[in-house]
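# Structure at a glance
Chain residues, written in single-letter form:
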Amino acid sequence: ACVEKPRVHLPVPRRSLGTMSHFQLEGTNKTVLDRYMRLELPENKCQAMYIWVDGTGENLRSKTRTLHFIPKTPSELPEWNFDGSSTGQAEGSNSDVYLRPVAMYRDPFRLGDNKLVLCETYKHNKKPTDTNNRRECLEVMTRAAESRPWFGMEQEYTLLDTDNHPLGWPKNGFPGPQGPYYCGVGAGKVYGRDVVEAHYRACLYAGINISGENAEVMPAQWEFQVGPCEGISMGDDLWMARYLLHRVAEDFGIVVSLDPKPIPGDWNGAGMHTNFSTQEMREPNGIAEIEKAIEKMSKVHEEHIKAYDPKGGKDNERRLTGHHETSSIHDFSAGVANRGCSIRIPRGVAEEKTGYLEDRRPSSNADPYVVSERLVRTICLDEC
Ligand code: ADP
Ligand code: MN
Ligand code: MN
Ligand code: MN
Ligand code: MN
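Summary of the structure given here. This one's a predicted model, so the numbers in the text were calculated from it and none came from an experiment.

### What about the overall build of the protein?
Secondary structure summary: the protein contains 11 helices and 13 strands in total. Relative to the compact-globule value of 21 Å for 384 residues, the protein shows a C-alpha radius of gyration of 23 Å, a close match. By its C-alpha atoms, the protein is 100 × 55 × 45 Å across when sized along the principal axes. With 384 residues in all, the protein has 47% of them scored as buried. Pairs at least 24 residues apart make up 65% of the contacts formed inside the protein by residues separated by at least 6 positions. When the accessible surface of the protein is totalled, it reaches about 19,400 Å², and 50% of it is carbon and sulfur. With 47 positive and 55 negative side-chain charges, the protein shows a spacing of 4 Å between the two charge centroids.

Set out below in structure tokens:
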């Protein structure tokens, strides 16, 4: 007679079971999805994802339409609309808000001829909505075009679990103190590198002028840089890069926070350092122009602080404490290679006497259109 071998029941590891059911609950299966995403589209059709800043001035929204042609420039794209009463941009009784396409990018998610379309928002009376800060920014950039203003923005952000706890942090405590995490490498020192890698490639594919990334001082905090960009393209590229970040993180089941001080206490905040130069600053002995600019900025510190986060300075108050590599929100200061100042002149710029300045005050959730407009008004147009 044959003897049946006893069946070995290997216990299913708890962790992987938890992870599986998490993904089942979310109703997502990227492998199955990929099979559909490889279906060919009919000739001369593409999908255009229209993207806009909502009524918070911080969050993004998007929706898709089919186009029956392959657009070459945003001017070919049709105007569209959405229900502004659901995004904090209109009353329910008169809720249509118009979407005006202003910039177009390749779509790194749907690939092929598909497009991502950045839009401005206009009310029923054709006036810009309250959070459409691009229109005024463009007007200012056009008037200052001869100064050839360049920007480079350093977008810091924090990755969170879907329960809003920083990614990789122990659920009932804190990781070891800051020190090993900045530009860190190795398990236990960095959390969320997959998101960072995927986002960097997605930006390059889309056509965003992304120039780098690094892990930040607080674990699960990261930075990417966009620039140098001239004029209005700074705000366009940064908003689109933010959209890609939220969207990539969504694919990994991870939340992106742009809060300037996500964890109170002895943990670094998040900013959007803004590097700035004009044609004159970039010429030999441009340092004199940089110093003139800093002098002008020193006179309107409070006005700038009001423009450097979406809540008129309230958000940045939690970050600009004067500790943790920031200046105090109440003082204006400038210095060479000094990261505790409001304005830093990079060491290389001071040595070569030409280049750019870094405004370290803008909050991570600031509107790049507002920040870039402010700098140009103050430095190039002597307005405020
Ligand atoms: P940091 O040392 O402050 O961390 P980063 O390397 O993160 O600096 O960012 C520097 C930024 O400065 C980059 O985004 C780059 O595009 C930008 N930049 C470089 N040269 C100029 C310039 N002439 N004008 C404006 N921005 C510039
Ligand atoms: Mn509908
Ligand atoms: Mn940086
Ligand atoms: Mn940084
Ligand atoms: Mn910086």
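### What about helix H3 (residues 134-143)?
When we look at burial in H3, the residues that qualify are Arg134, Cys137, Val140 and Met141. The buried residues of H3 occupy an angular sector of 125° when the element is viewed end-on, so they sit on one face.

### Some thoughts on the coordination of the manganese ion (ligand 4)
Summarising the metal site, the manganese ion (ligand 4) is bound by the protein donors Glu156 (OE), Glu216 (OE) and Glu223 (OE), whose distances to it range over 2.1 to 2.2 Å. In terms of primary sequence, the donors binding the manganese ion (ligand 4) are separated according to E-x59-E-x6-E. Taken as a pair, the manganese ion (ligand 4) and the manganese ion (ligand 3) show a spacing of 3.9 Å, with Glu223 coordinating each metal. Of this pair, Glu156 sits in strand S6 (residues 150-160) while Glu216 sits in the loop between strand S7 (210-215) and strand S8 (221-230), placing them 60 residues apart in sequence.

### So, the site of ligand 1
Contacts to ligand 1 come from 18 residues, most closely from Glu223, Gly227, Ser277, Arg344 and Glu358. In this structure, Gln225 approaches ligand 1 through a side-chain N or O atom, which is 3.2 Å from an oxygen atom. Between ligand 1 and the protein, one listed contact pairs a nitrogen atom with a side-chain N or O atom of Ser277 at 2.7 Å. At the level of secondary structure, the elements contributing two or more residues to the shell around ligand 1 comprise S6, S8 and strand S10 (272-277). Here the element with the most residues in the shell around ligand 1 is S8; it accounts for 5 residues. Counted by class, the shell around ligand 1 contains 6 nonpolar, 6 polar and 6 charged residues.

### Observations regarding the packing of helix H7 (residues 287-298) against helix H11 (residues 368-379)
The geometry of a pair of packed helices is captured by two quantities: the angle between their axes and the separation between those axes. With their axes 9 Å apart at the nearest point, H7 and H11 run at an angle of 105° to one another. Here H11 runs roughly perpendicular to H7, going by the angle between their axes. Across the interface between the two elements, Ala293, Lys296 and Met297 of H7 pack against Leu375, Thr378 and Ile379 of H11. Each residue belonging to the contact of H7 with H11 can be placed in one class, and the counts come to 4 nonpolar, 1 polar and 1 charged.

### Overview of the side chain of Ser342
The topology assignment puts Ser342 in the loop between strand S11 (334-336) and strand S12 (343-345). Relative accessible area serves as the criterion here: at 0%, Ser342 is assigned to the buried category. Among the polar contacts made by the side chain of Ser342, one reaches the main-chain amide nitrogen of Ser333 at a distance of 3.0 Å. The contacts of Ser342, once residues within four sequence positions are left out, are Ser327, Asp331, Phe332, Ser333, Glu358, Asp359, Arg360 and Arg361.

### Quick word on unusual backbone geometry
Cis peptide bonds are those with omega within 30 degrees of zero, and the linkage from Gly227 to Pro228 qualifies with -5°. Take Pro228: it is sitting in strand S8. Its identity is not glycine, yet Lys126 carries a phi of approximately 70°, on the positive side. Assignment of secondary structure puts Lys126 in the loop between strand S5 (115-122) and H3. One non-glycine residue, Ala220, lies in the positive phi region at around 80°. Among the secondary structure elements, Ala220 is positioned in the loop between S7 and S8.

### Some words on a nonpolar patch on the surface
On the surface, a nonpolar cluster with roughly 300 Å² of combined accessible area is contributed by Val32, Tyr36 and Leu39. In this fold, Leu39 is placed in the loop between helix H2 (30-37) and strand S1 (46-53). Residue classification places Leu39 among the exposed residues on the basis of a relative accessible area of 51%.

### Re the pattern of salt bridges
Pairs can form between side chains of opposite charge whenever their charged atoms are close. One pass over the full model with this rule turns up 27 salt bridges. Across the salt bridge formed by Glu383 and Arg377, the nearest N and O atoms sit 2.4 Å from each other. With a relative accessible area of 13%, Arg377 lands in the buried category. It is possible to trace a salt-bridge network through shared partners that takes in Glu136, Glu139, Arg143, Glu373, Arg377 and Glu383.

### Quick word on the nonpolar core
Core analysis: the biggest nonpolar cluster contains 72 residues, and Tyr157, Ile208, Leu244, Phe276 and Leu357 have the highest contact counts within it. It is helix H5 (residues 233-251) that provides the largest number of residues to this core, a total of 10 residues. Core analysis: the next-biggest nonpolar cluster, separate from the first, contains 13 residues, Ala48, Ile70, Leu77 and Val97 among them.

Criteria and thresholds
- Residues numbered from 1 in each chain as written.
- Chains lettered and ligands numbered in written order.
- Predicted model: local features only at pLDDT ≥ 70, side-chain atom pairs only at ≥ 80, totals over all residues.
- Heavy atoms only, no water.
- Helix = DSSP H or I, 4+ residues; strand = E, 2+ residues; numbered from the N terminus.
- Rg over C-alpha atoms; globule rule 2.2 N^0.38 Å.
- Buried < 20%, exposed > 50% of the residue type's maximum accessible area, 1.4 Å probe, protein only.
- Contact = heavy atoms within 4.5 Å.
- Areas by Shrake-Rupley, 256 points an atom, 1.4 Å probe, with all protein chains shown as cover.
- Lys, Arg positive; Asp, Glu negative; His and termini not counted.
- Charge placed at Lys NZ, Arg CZ, Asp CG, Glu CD.
- Arc of directions from axis to C-beta.
- Donors = N, O, S within 2.8 Å, 3.2 Å for Na, K, Ca; no water.
- Near = heavy atom within 4 Å.
- Polar contact = N/O pair within 3.5 Å; in protein donor to acceptor, adjacent residues only side chain to side chain.
- Nonpolar A, V, L, I, M, F, W, Y, C, P; charged D, E, K, R; others polar.
- Axes fitted to C-alpha atoms, helices over the stretch in contact; angles between N-to-C directions.
- Parallel < 35°, antiparallel > 145°, perpendicular 65-115°, else oblique.
- Patch = residues over 30% accessible without salt bridge, like charges linked within 9 Å, V, L, I, M, F, W, Y side chains within 5 Å.
- Salt bridge = Lys/Arg side-chain N within 4 Å of Asp/Glu carboxyl O.
- Core = buried A, V, L, I, M, F, W, Y, C linked by side-chain atoms within 4.5 Å.

Take it as geometry only, folks, not as evidence of what the structure does.
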